[in-house]
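Residues per chain are reported as follows:
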Amino acid sequence: KLDDTHIGQLAMMDIRSLGEWFEDVESRLSDKQNIIASEVLKEIRKRIGFLLDIGLDYLSLNRPLRTLSGGEAQRIRLATQIGTQLVGVLYILDEPSIGLHQRDNVKLIKALQSLRDLGNSVLVVEHDKDMMLESDYVLDMGPGAGRHGGHIVTAGTPQEILKSSGVTASYLSGKLGLPVPKSRRKGEKGELILKGANGNKLKQVDLHLPLGTLICITGVSGSGKSTLIHETLYPILNREIYHSKKEPMPYQSIEGLKELDKVIEVDQSPIGRTPRSNPATYTGVFSDIRTLFTELPESKIRGYKPGRFSFNVKGGRCEDCEGAGMKLVEMDFLPDVHVPCETCKGKRYNRETLEVRFKGKSISDVLDMTVEQAVEFFEFQPKI
């Protein structure tokens, strides 16, 4: 034990209390211990400092990583990188401000600027206004999405961007904006009342949700939003409506369930049953497209069934890559590499299947279309 505390007790502290415990620990150690500890303590304090700087003071050291939000995990990685004190590195971050409260946004921006000040380059893909205005240089991509995008609309310092004329610039300068609604909906279906929620760090929370309205749950990072909604409310509703087995976090009571007959969670987990799912198969439109290809005269002469046009079953797909269009090359010491299949050149199907065409396009050409192009292409197929 150090100062009557064992390592398990330290791991259970949140980072702010831990920082305080380490502040003047020298005065509580013997001379011999102090000689051993001097360098180590410097490192420990530095790392605790990094975690405090990016707003993670509420996490305890032994919190399992899978229970962290995406933003928290990304910020822990960031703290590790600041700690390595490397120079001449290009850091690329993809929307690090996602799910961050404005208060913590300031801390995140400061952390990124300190990485830059060490002598590194920091490249951030971002929609956040504060982040854009605090950066040294901005590249605005557009003007639209998909085939309407792909151009650099403007580039320059935030001040230069504010004077330019793109969509992004108009929102940043306040020319365009989302007006505040004149009236709010009251909701006429009663309310859902959850009492005494106290999972993780919730402290006997009572929640009143007016039904028939759009409700937003907000608060600083780590304040218990996900615990309240995803881990308490959703499992309760799931259990009551669908008799699910997942146990909600501790709570006292819930009222107003008779107003609801369904609950659907739209979360960030990967969609589709198999890794080969794509928007066409997931939304179900692909079965109609396959039926259409089966009805073509060429298919009827050859006796093709809808399975012929599926890339998931044997028959019409390229057997070399099993309909994936890609082959996985496993590398030693490096990440795996995906290369286009040499037999079908990434088209997923064998030659015979690709010979069946609708308006000059094979089933593979249809899969390559964007939604916008497909709407025009299938304009006379109302169901599709």
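Everything discussed here concerns the structure shown above.
Presented here is a report on the structure given in the accompanying data block. Note that the structure is a prediction, hence the values are computed from the model and not measured.

Rules used throughout
- Residues numbered from 1 in each chain as written.
- Predicted model: local features only at pLDDT ≥ 70, side-chain atom pairs only at ≥ 80, totals over all residues.
- Heavy atoms only, no water.
- Helix = DSSP H or I, 4+ residues; strand = E, 2+ residues; numbered from the N terminus.
- Contact = heavy atoms within 4.5 Å.
- Polar contact = N/O pair within 3.5 Å; in protein donor to acceptor, adjacent residues only side chain to side chain.
- Salt bridge = Lys/Arg side-chain N within 4 Å of Asp/Glu carboxyl O.
- Buried < 20%, exposed > 50% of the residue type's maximum accessible area, 1.4 Å probe, protein only.
- Phe/Tyr/Trp six-rings, centres within 6.5 Å; stacked < 30°, edge-to-face > 60°.
- Lys NZ or Arg CZ within 6 Å of the ring centre and 35° of its normal.
- Core = buried A, V, L, I, M, F, W, Y, C linked by side-chain atoms within 4.5 Å.
- 1 Å grid on protein atoms, 1.4 Å probe; cavity = no way out; pocket = protein on both sides within 12 Å on 5 of 7 lines; lining within 4 Å.
- Points joined across faces, edges and corners; volume = space filled by probe spheres on them.
- Nonpolar A, V, L, I, M, F, W, Y, C, P; charged D, E, K, R; others polar.

Of note, Arg348 is situated in the loop between strand S9 (337-340) and helix H13 (351-354). The residues touching Arg348, leaving out its near neighbours within four places in the chain, are Asn278, Phe311, Arg317, Cys318, Gly323, Ala324, Gly325 and Leu367.

A few words on the side chain of Asn350. In this structure, Asn350 sits in the loop between S9 and H13. A polar atom in the side chain of Asn350 sits 3.3 Å from the side chain of Arg308. Not counting the four nearest positions on each side in its chain, Asn350 is found in contact with Arg308, Gly315, Gly316, Arg317 and Cys318.

Turning our eyes to something else, we now look at the pattern of salt bridges. When their charged atoms lie close together, side chains carrying opposite charge are able to pair. Per the counting criterion, the structure on display carries 23 salt bridges. Here Lys42 and Glu39 are joined by a salt bridge, their closest N and O atoms 3.3 Å apart. Residue Lys42 and its partner Glu39 are both found in helix H3 (residues 31-53); the two are separated by three residues, about one turn of the helix. Of the two residues, Lys42 and Glu39, both sit in the exposed class. A salt bridge links Arg317 to Glu319; the shortest N-O distance between them is 3.0 Å. Using a relative accessible area of 37% as the deciding quantity, one classes Glu319 as partly exposed. One continuous salt-bridge network, built from bridges that share partners, spans Glu298, Arg302, Arg351, Glu352 and Glu355.

Geometrically, a pair of aromatic rings is defined through the distance of the ring centres and the angle of the planes. Taken as a whole and judged by the stated rule, the model has eight aromatic pairs. On the numbers, 5.6 Å between centres and 90° between planes, the contact of Phe358 with Phe377 is edge-to-face. Taken together, the residues span a long stretch of sequence, with Phe358 in the loop between H13 and helix H14 (363-367) and Phe377 in helix H15 (residues 371-377) at a distance of 19 residues. With relative accessibility at 12%, the residue Phe377 sits in the buried group. Each residue in the set Phe293, Tyr304, Phe309, Phe358, Phe377 and Phe378 is aromatic and connected to the rest through ring pairs, giving one cluster. The aromatic ring of Phe311 is capped on one face by Arg348, whose charged end is 4.2 Å from the ring centroid. Here Lys359 stacks its cationic end above the ring of Phe377, 4.9 Å away from the centre of that ring.

Before going further, it helps to examine the nonpolar core. Within the largest apolar cluster, 30 residues are counted, with the highest numbers of intra-cluster contacts made by Phe22 and Leu78. Breaking this core down by element, the ones donating at least two residues are helix H2 (15-23), H3, helix H4 (70-84), strand S1 (90-94) and helix H5 (102-117). Ignoring sequence-local partners within four residues, the contact set of Leu78 consists of Leu93, Leu108, Ala111, Leu112 and Leu115. The next biggest cluster of nonpolar side chains, apart from the first, holds 19 residues, and it includes Ile289, Phe311, Tyr349 and Leu354.

What follows is about the layout of surface pockets. Here the largest pocket defines a volume of roughly 1,700 Å³. Lining the largest pocket are 46 residues; nearest its centre among them are Lys225, Ser226, Ile229, His230 and Glu265. For the lining of the largest pocket, the elements supplying multiple residues, two or more each, are H4 and helix H9 (225-242). Of all the elements, H9 adds the most residues to the lining of the largest pocket, at 11 residues. When its residues are assigned to classes, the lining of the largest pocket shows 17 nonpolar, 19 polar and 10 charged. Its volume calculated, the second largest pocket comes out at about 930 Å³. Around the second largest pocket sit 27 residues that line it, and Val124, Glu126, Tyr137, Val138 and Leu139 are the ones nearest its centre. Elements supplying a minimum of two residues to the lining of the second largest pocket: H5, strand S2 (121-125), helix H6 (129-134), strand S3 (138-142) and helix H8 (167-173).

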